[in-house]
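Structure assessment
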Amino acid sequence: MEWNQRLAAVRKAAGLTQEQLGELVGVTRQAVSKWEAAQTVPDALMIAEICRQLHVSADYILLDKEPEEEAAEETPSGVPDTCPCCGRETSGGICPACGYALPPAAVSQGPLYAVVGALAGPIRQDQAQKIVKYCGLTPEEIERLNEGYQCTYPHNQLVFCRGRNARAAQWVAVHLGQVLLPRIVEDRGEEEDLLRVKPDAMDVMPLEQMRSGGLGFWGTVGAVAVGIIVTLIFFSFF
């Protein structure tokens, strides 16, 4: 297919007549007819205007470079190569370590959250397994958490992970909730001692709800809004 044929095809796909396209770019119907018959060639500025009106690239009109090929070259997949939950390297749509479904496109960062948890004693083996899997901690870091448990007695609140977006924080908290009592608090870069006593930014959803689709877009927006409101109320007392 030649450039003039691609121009005609794109015009027809847009549902425009030659006269209507001419009106959009400021030429007569006869001028458009001559372009499509390859009798004349529009100049560079006119090609740019045609492409703008038809929402197509000049590369496609002139060089037969398919739009999807161009998008594939210019737009990254958006899927992160590091899991937002456990921090391990990953590829594809699901983290092989913790099972977190990676977003298909880049997600706006927004507020960040930390997952803290209450313990009735030193970390048990079943708790350690969950923390390692979903928070990406090493056995050595688990030992340090146990030391932290001793330091924070009698509150027994430990910070298991921080700097997570709302969806990732929910994923971590939902699964830690099977073996301990996690909370989600907003993380503004405070010292861990302050994170431990901050109010909940959002509720931890049931595991079944997370598996069936979780927060979704508007749920995440709502959770973020609630987190901001709760934080403002908390700091108004200081």
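The structure displayed is predicted, hence computed values, not measured ones. (Residues numbered from 1 in each chain as written. Predicted model: local features only at pLDDT ≥ 70, side-chain atom pairs only at ≥ 80, totals over all residues. Heavy atoms only, no water.)

Here we take up the overall build of the chain. Each helix and strand counted, the chain has 12 helices and three strands in total. Counting the 238 residues in the chain, one finds 40% classified as buried. When contacts within the chain are restricted to residue pairs at least 6 apart in sequence, those whose partners lie at least 24 apart make up 63%. With an accessible surface of roughly 13400 Å², the chain has 56% of that area assigned to carbon and sulfur atoms. (Helix = DSSP H or I, 4+ residues; strand = E, 2+ residues; numbered from the N terminus. Buried < 20%, exposed > 50% of the residue type's maximum accessible area, 1.4 Å probe, protein only. Contact = heavy atoms within 4.5 Å. Areas by Shrake-Rupley, 256 points an atom, 1.4 Å probe, with all protein chains shown as cover.)

Let us now look at the nonpolar core. Counting residues in hydrophobic clusters, the biggest one holds 33 residues, and the most contacted among them are Cys98, Tyr100 and Ile131. For this core, the secondary structure elements donating two or more residues are strand E1 (113–118), helix H7 (125–135), helix H8 (139–152), strand E2 (157–164) and helix H9 (166–176). At seven residues, H9 tops the list of elements feeding residues into this core. Sequence-distant contacts of Cys98, defined by excluding residues within four places in its chain, comprise Cys83, Cys85, Cys86, Lys133, Tyr134 and Trp171. Within the second largest apolar cluster, 16 residues are counted, among which are Trp3, Val10, Ile47 and Tyr60. (Core = buried A, V, L, I, M, F, W, Y, C linked by side-chain atoms within 4.5 Å.)

With that settled, consider the confidence of the model for the chain. Residues at a pLDDT of 70 or more form 72% of the chain, whose mean pLDDT is 77. Ranking the helices and strands of the chain by mean pLDDT puts helix H3 (residues 29–36) first, with 94, and helix H6 (residues 67–74) last, with 44. Taken together, the stretch residues 67–77 has pLDDT below 50 and engages in seven contacts with residues farther than four places along the chain or on a different chain. Segment residues 212–218: pLDDT under 50, and seven contacts once partners within four positions in sequence are set aside and those in other chains are kept. (pLDDT = per-residue confidence, 0-100.)

Right, let's talk about the pairing of strand E3 (residues 181–186) for a bit. Of all the six residues making up E3, five are buried; the element is thus mostly covered by neighbouring parts of the structure. Taken together, the six bridges between E1 and E3 define a ladder with antiparallel strand orientation. Of the residues in E3, the one forming a bridge with Val115 is Ile184. (Pairing = 2+ DSSP bridges.)

Here the focus is the packing of aromatic side chains. Scanning all chains against the criterion turns up one aromatic pair. Measuring from ring centre to ring centre gives 5.9 Å for Tyr100 and Trp171, while their planes differ by 65°; the resulting arrangement is edge-to-face. Of the two residues, Tyr100 sits in the loop between H6 and E1 while Trp171 sits in helix H9, which places them 71 residues apart along the sequence. This pair shows no difference in class: Tyr100 is buried, exactly as Trp171 is. (Phe/Tyr/Trp six-rings, centres within 6.5 Å; stacked < 30°, edge-to-face > 60°.)

Turning our eyes to something else, we now look at the sheet that holds E2. Strands sit in the order E2-E1-E3 across an open sheet of three strands; the sheet is antiparallel. What marks the edges here is a single partner per strand, and that holds for E2 and E3. Sheet twist, expressed as the mean angle between neighbouring strand axes with direction ignored, is 25°. Where H9 meets the sheet, it contacts E1, E2 and E3, and its direction lies at approximately 15° from that of E1. (Axes fitted to C-alpha atoms, helices over the stretch in contact; angles between N-to-C directions.)

Evaluation of the coordinates by the stated rule reveals nine salt bridges. Across the pair Glu36 and Arg11 runs a salt bridge, and its minimum N-O distance is 2.5 Å. With Glu36 in helix H3 and Arg11 in helix H1 (residues 3–13), this pair connects stretches of sequence that are 25 residues apart. Just as Glu36 is buried, Arg11 falls in that class too. The partner of Asp187 in a salt bridge is Arg162, and the shortest N-O contact between them spans 2.8 Å. Separated by 25 residues along the polypeptide, Asp187 in the loop between E3 and helix H10 (192–197) and Arg162 in strand E2 bring together distant segments of the chain. Each of Glu192, Asp193 and Arg196 takes part in salt bridges that share partners, so that together they form one network. (Salt bridge = Lys/Arg side-chain N within 4 Å of Asp/Glu carboxyl O.)

Phi is positive for Ala38, close to 60°, though the residue is something other than glycine. Along the chain, Ala38 turns up in the loop between H3 and helix H4 (44–54). Accessibility expressed as a relative area gives 44% for Ala38, which makes it partly exposed.

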